[in-house]
Each structure stands twice: as structure tokens, then as C-alpha cells.
Amino acid sequence: MITVFSEDHHLRNVRTELYGGELVSPHECPERAQMVLDRVRSTGLGEVIAPTKAGLEAVLRVHDRQFVEFLAAAWPEWVAAGHRGEAIPDCWPARRMSQRCPTSITGKLGYYAMAGETSIGAGTWEAAQAAADVAVSAAGIVSAGARSAFALCRPPGHHAARDLYGGYCFLNNAAIAAQYLRDRGAARVAILDVDFHHGNGTQDIFYERADVLYLSLHGDPRDAFPYFSGYADEVGSGAGHGYNGNFPLPVGCDFATWRTVLEEALARVQAFRADALVVSLGVDTFAQDPISFFRLQSADFTSYGRMIGAAALPTLFVFEGGYAVAEVGINTVNVLAGFEDA
Ligand code: SS9
Ligand code: ZN
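Residues numbered from 1 in each chain as written. Chains lettered and ligands numbered in written order. Predicted model: local features only at pLDDT ≥ 70, side-chain atom pairs only at ≥ 80, totals over all residues. Heavy atoms only, no water.

Novice: What is the right way to read the site of ligand 1 from this model?
Specialist: In the vicinity of ligand 1, the contacting residues are Glu117, His158, His159, Gly167, Tyr168, Asp195, His197, Phe225, Asp284, Ile291, Gly321 and Tyr323. Protein chains bury 85% of the 380 Å² of accessible surface belonging to ligand 1 in isolation. Most atoms of ligand 1, that is more than half of them, are within 2 Å of grid points of the largest pocket. Taken together, the residues that form the shell around ligand 1 break down as four nonpolar, five polar and three charged. (Near = heavy atom within 4 Å. Areas by Shrake-Rupley, 256 points an atom, 1.4 Å probe, with all protein chains shown as cover. 1 Å grid on protein atoms, 1.4 Å probe; cavity = no way out; pocket = protein on both sides within 12 Å on 5 of 7 lines; lining within 4 Å. Sits in = over half its atoms within 2 Å of the grid points. Nonpolar A, V, L, I, M, F, W, Y, C, P; charged D, E, K, R; others polar.)

Okay, here's the thing in C-alpha cells:
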């Protein structure tokens, strides 16, 4: 399997994450991508190639233009406003408040953020663009007929909606890739999100569409971020009714339970007669993940990679979360190796 990877992920290297009432060193750190890349290389998974710089065309197929312009200008505007720290919002358009976008950079941050933990710094926008390029290049490989490809994206994407960032995400790499596959001729694309967190952004982007099926296994939003999205009764709307499937799972969920739910989700992918599968591959379901509450072990990632491989679809893996840095490479590449083994 070819891996697409950009060194430009290093440009996202902020110092702060708002966590537990403190500004801590971010869980979503550059070492994560390096660990995965090292494991891809040491296991001989396959060739590693750099993306081609694609520009914003594919990005603008799923994101709002004003939102993209906001992301591109956020850091310079924050600096010009004279702030000393990294850019974080402090006020949101909550219930019964105006939904107009302000002129003030702090106001814009609140308008476009779905969460407050994610600082913007120098290079954040450039790294987010590189991650989208990685996703598009890898989608191109699958679209050209490869059985699979791995988009080693960083920063991740599945919390980013059409016009929202947060949850460590800025551009929705998986959604951009899925749309790219559609635009290159796949009539139906299924997205299977196995990250611990619900991909509220991906759900939102495709919620009213019947041509892209979104399925997600995740921590129950009553207990887990993003808290306000991911309930089982969110099934899609309009033409998209029945094309969104959420599987919220409880605290302490182990692999025996998780895998039966994955079987159910894979059966839905088959019934949909998908032409291609995009896997939002987050490995924060790992028992030792510092911010999550499932109990998968490293060998379980190989097992479920085999299950995904047995679906026998052209498959694009897009890297998302996974914050147990020492094991993030092992767990991620276990999924890919299991897939190839199937
Ligand atoms: C947990 C806070 C979680 C954001 C997590 C984003 C994960 C992206 N107390 N904050 S995969
Ligand atoms: Zn996650």
C-alpha cells in the first residue's frame, strides 16, 4: 500500500491546548505523524510518496469560501491585533444570539470554532493545506485503480465541518477525499469513521446527501467530545435520510463489543453498494489513549483491519486521531497490515 505523506505537517506545532482548565502541550503533536511514518517504514508497508500541491479547488468542494479565507488569515490577523499568546476564541454564538460573522479576529474565532481547545499559530494554515493535499493525492491513487492507499494526514480532519474548525481539525481531509472520489467517477462513496470521537464535521458535510454514506463508531456523546453530535437518532435529512449512521458506545467498551458493531457497519457499507470506501482511521480507541475511554489492544487493530479488507472495496485510509504517542504507529500500521493480509 502506498503512503502519501508531507513533511509540512511540522508547520503545525503550537505550544498550547486548553485542557482541564490549563494550557498544556497539545495531544495532537508532530511526534504522532513521525511515529506512524517510522512504523510504515520499519514494517515495509510500501512506498512513501509526497503529495502534489493541489491548490484549493478540492477543498472548496466541501468547505465554505469565507471559512477558508478566515483560516488563511487568522494567524496574521491575531498577531496584528497585538495578542501575545496563540489564537483561541473566548465567545460563541450560543442559543438566541446573532449568527452574523464579526469583524474582530477574536469574534471570528468564536464564529468559526466548534470547540475551544484548538489553538491556531504560525504555520497552522499551511499544515492544514498540506494535509488536504495528502488526502487528495491518496484519493487520486485509489481513483486511478489501486486497491488501497494511506493518507498520513496531520492535522486531522473529521471534526471540521463546512464552516467550522476545532477538535484539532481545520480542513476535513476525509470529506475532501470522498468528494474527490465522487468527482472522479465513483457514484457512491462510503465513509467509515473508526476514530474514538464522532466525526461531526464529516456528518455535517454529507448530512443531506444520498451519494455519500457516513457511518461512525464512537464514544457516546453524553460522555465524550464532541458532546453535541453523534447520537443514534441522527440519520440524515432530506435526500440524505438513511445515509448517516451513528453507533455511540459506552465507557469501557472492549473489542468484543466494538467488533460486532463494526460488522453491522460493514454490512451497511455492502448494502449501500459503495464504489469506494474512505476510512477515517483514528486509533484513539486504544485502551491506553490519554483522552478516550475504549479498551482496544494493539492486536485488535490488526483484527479489524482484516475485517475492513474482507469488504473487498477500493479503500482509502485517512489518518485522524490517536494520542498514545508511543503506540500510535504500531496501532495504525496494524490496521493497514491487517487489511493487506485479508
Ligand atoms: C477531552 C477533550 C477532547 C478534543 C479531542 C479531539 C480529538 C480529535 N476531555 N478535546 S480526533
Ligand atoms: Zn479522535
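Structure's up, so let's keep going.
Novice: What am I meant to see in the sheet that holds strand β9 (residues 276-281) here?
Specialist: Strand pairing within a sheet occurs via backbone hydrogen bonds; the two strands may be parallel or antiparallel. Reading across from one edge, β4-β1-β5-β10-β9-β6-β7-β8 is the order of the eight strands in this open sheet, with parallel pairing throughout. Taken across any chain shown, the strands that pair with only one partner, and hence form the sheet edges, are β4 (48-49) and β8 (244-249). In this sheet, strand β10 (residues 315-319) lies alongside strand β5 (residues 148-151) in parallel orientation, the contact comprising four bridges. Within β10, the residue paired with phenylalanine 150 across the bridge is phenylalanine 317. Where helix α9 (residues 325-341) meets the sheet, its contacts fall on β5, β9 and β10, and the angle it forms with β10 comes to roughly 175°. (Pairing = 2+ DSSP bridges. Helix = DSSP H or I, 4+ residues; strand = E, 2+ residues; numbered from the N terminus. Contact = heavy atoms within 4.5 Å. Axes fitted to C-alpha atoms, helices over the stretch in contact; angles between N-to-C directions.)

Novice: Help me understand unusual backbone geometry, please; the structure alone is not making it clear to me.
Specialist: For residues other than glycine, phi is negative in most cases, and the peptide bonds are mostly trans. In the segment running from arginine 154 into proline 155, the intervening peptide bond is cis, with an omega of 0°. When you line up the elements, proline 155 lands in the loop between β5 and α5 (173-183). The omega torsion of the bond from phenylalanine 225 to proline 226 falls at 10°, within 30 degrees of zero and hence cis. Summarising the element assignment, proline 226 is placed in the loop between β7 (212-219) and β8. For arginine 96, which is not glycine, the phi dihedral falls at a positive 65°. Along the polypeptide, arginine 96 turns up in the loop between α2 (65-80) and α3 (105-112). In the Ramachandran plot, arginine 273 falls in the positive-phi region, its phi being about 55° despite a non-glycine side chain. Position of arginine 273 among the secondary structure elements: in the loop between α7 (255-272) and β9.

Novice: Which parts of the structure should I look at to understand the packing of aromatic side chains?
Specialist: Describing an aromatic ring pair means giving the distance of the ring centres and the angle of the ring planes. Throughout the structure, instances matching the rule amount to 18 aromatic pairs. Considering the side-chain rings of phenylalanine 67 and tyrosine 112, the 5.6 Å spacing of their centres and the 55° angle between planes classify their relative orientation as tilted. Taken together, the residues span a long stretch of sequence, with phenylalanine 67 in helix α2 and tyrosine 112 in helix α3 at a distance of 45 residues. Across this residue pair, the class does not change: phenylalanine 67 and tyrosine 112 are buried. Ring centres of phenylalanine 255 and tryptophan 258 lie 6.2 Å apart, and the angle between their planes is 25°; on these two criteria the pair is classed as stacked. Remark: tryptophan 258 and phenylalanine 255 occur in helix α7; sequence separation between them is three residues, near one turn of the helix. The rings of Phe67, Phe70, Tyr111, Tyr112, Tyr165 and Phe170 are connected pair by pair, giving a single aromatic cluster. (Phe/Tyr/Trp six-rings, centres within 6.5 Å; stacked < 30°, edge-to-face > 60°. Buried < 20%, exposed > 50% of the residue type's maximum accessible area, 1.4 Å probe, protein only.)

This is a description of form; function is not addressed.
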